[in-house]
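# Examining the three-dimensional arrangement
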Amino acid sequence: MPTKRIAIAGLGEIGRTVARKMAQGLPGLSLAAIATRDRAKAQAWLDAEGISAALVSLDELPGHADLAVECAPAAILDQICRPMLGAGKQVMVLSSSALLPRPELVDLARAHGGQIIVPTGALIGFDAVSAAAEGIIHSVQMVTRKPPRGLAGAPYLVENGISVEGLSSALRVFNGSARDAAAAFPANVNVVAALSLAGIGPDRTTIEIWADPAVTRNCHQIRVDSDSASFSMSIENIPSENPKTGRITALSVIAALRKLASPLRVGT
């Protein structure tokens, strides 16, 4: 199997973790390029880590890579996806909330033979949800509890004058559909966007979001009722240096990349 060239778009907490792992070696894969806003800062970091990769613009990614891992702010998702998908390449998208209002990206991938891959990220049970979706899913409900600082600054809180500072007890700050949650909390609930894409869609998937000073981890509970099975899942993710993101998110990217060239693939 030929080596698959991987690029990383964005060199924040997740991008750096993926770059380190790629540099250590993943069979059948090579770190070919990195696109980031501050090239000087990126080059200094790469030099310090002993990692070699070309620093390129987003438009140049298709010429250097077969797959780009999006580890950047959701606002530039189009700039990452369009060049790659238009060239028939693959993009691994972490900002799944930003995918929901952009169905044209899926159309672009379909038209040019490209592919959008959404890794499991901070959730469990995607295989079960995807399998259940082959039959009839009646409902998917999710409850997310995060430390208040993990939600601070979210557009929905700012626009509605909701403060999560100094809470002494849990405060429910949102109750609605996955589509509305993705727009209201674009950096906080990529998990529910991905869950909705795996199951019954963003309009029928519901979520409650709680700012809870009693928790130190990003906690997610999911309940699925379908004609093939009824099941519930819960996970408590340890935040990374970025309180909005769990440590397991970067690891899920690495696991998804490893599957691309593995002779044994477990799970759908």
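See the structure shown above.
The following refers to the structure shown. Within any chain, residue numbers begin from 1 and follow the written order of that chain's sequence. Only residues with pLDDT of at least 70 are given local features in this predicted model, and only at 80 or more are side-chain atom pairs given and counted; all residues enter the totals for whole chains, interfaces and linings. With hydrogens and water excluded, all non-hydrogen atoms of the structure serve as input to the side-chain values.

## Topic: the pattern of salt bridges
What makes a salt bridge here is a side-chain nitrogen of Lys or Arg within 4 Å of a carboxyl oxygen of Asp or Glu, nothing more. Enumeration according to the criterion identifies ten salt bridges in this entry. Note that D107 and R110 form a salt bridge whose closest N and O atoms lie 2.9 Å from each other. A residue pair is termed a helical-turn pair when its members lie 3 or 4 positions apart in one helix, as D107 and R110 do in helix α5 (residues 103-112) at three residues. Residue D107 is classed as partly exposed on the basis of its relative accessible area of 44%. Secondary structure elements follow DSSP: runs of H or I of four or more residues count as helices, runs of E of two or more count as strands, with numbering from the N terminus. Exposure is judged per residue with a 1.4 Å probe applied to protein chains only, and the accessible area is read against the type maximum: over 50% gives exposed, under 20% gives buried, and values in between give partly exposed.

## So, the sheet that holds strand β3 (residues 54-55)
Strand order in this open sheet of six strands is β3-β2-β1-β4-β5-β6, and the pairing throughout is parallel. Both outer strands of the open sheet, β3 and β6 (115-117), are each paired with one neighbouring strand and no more. The sheet contact formed by strand β1 (residues 4-9) and strand β4 (residues 67-70) spans four bridges and is parallel. Bridging from a neighbouring strand, I6 pairs with L67 of β4. Strands are labelled as partners when DSSP assigns at least two bridges between them.

## Here's the deal with helix α2 (residues 39-49)
All of the buried residues in α2 are A42, W45 and L46. The buried side chains of α2 occupy one side of the element, clustering within an arc of 100° when seen end-on. Along α2, the residues that are exposed and aim more than 90 degrees away from the buried face are A40, K41, D47 and A48. Residues count as neighbours in contact if any of their non-hydrogen atoms are within 4.5 Å of one another. On its buried face, α2 is in contact with α1 (13-24), β2 (29-35) and β3. In protein, a polar contact means a hydrogen-donor-capable atom and an acceptor-capable atom, both N or O and within 3.5 Å, with residues adjacent in sequence counting only if both atoms are side-chain atoms; elsewhere, any N or O pair within 3.5 Å suffices. N-cap assignment for α2: the residue whose side-chain oxygen lies 3.3 Å from the backbone N of A40 is D38. Note that the arc is computed from the directions linking the helix axis to the C-beta atoms.

## A short note on the nonpolar core
Grouping buried Ala, Val, Leu, Ile, Met, Phe, Trp, Tyr and Cys residues that are joined through side-chain atoms within 4.5 Å yields what is termed a nonpolar core. Membership of the largest hydrophobic core comes to 33 residues, with the highest contact counts inside it found for V173, F185 and I209. Going through the elements one at a time, α6 (126-132), β7 (137-146), β8 (171-177), α8 (178-184), α9 (190-198), β9 (205-211), β10 (218-226) and β11 (230-237) are the ones with two or more residues in this core. For V173, the contacting residues outside a window of four places in its chain are L151, Y156, L157, I162, V164, F185, I209 and A211. Counting residues in hydrophobic clusters, the runner-up holds 29 residues, among them W45, L94, I117 and V253.

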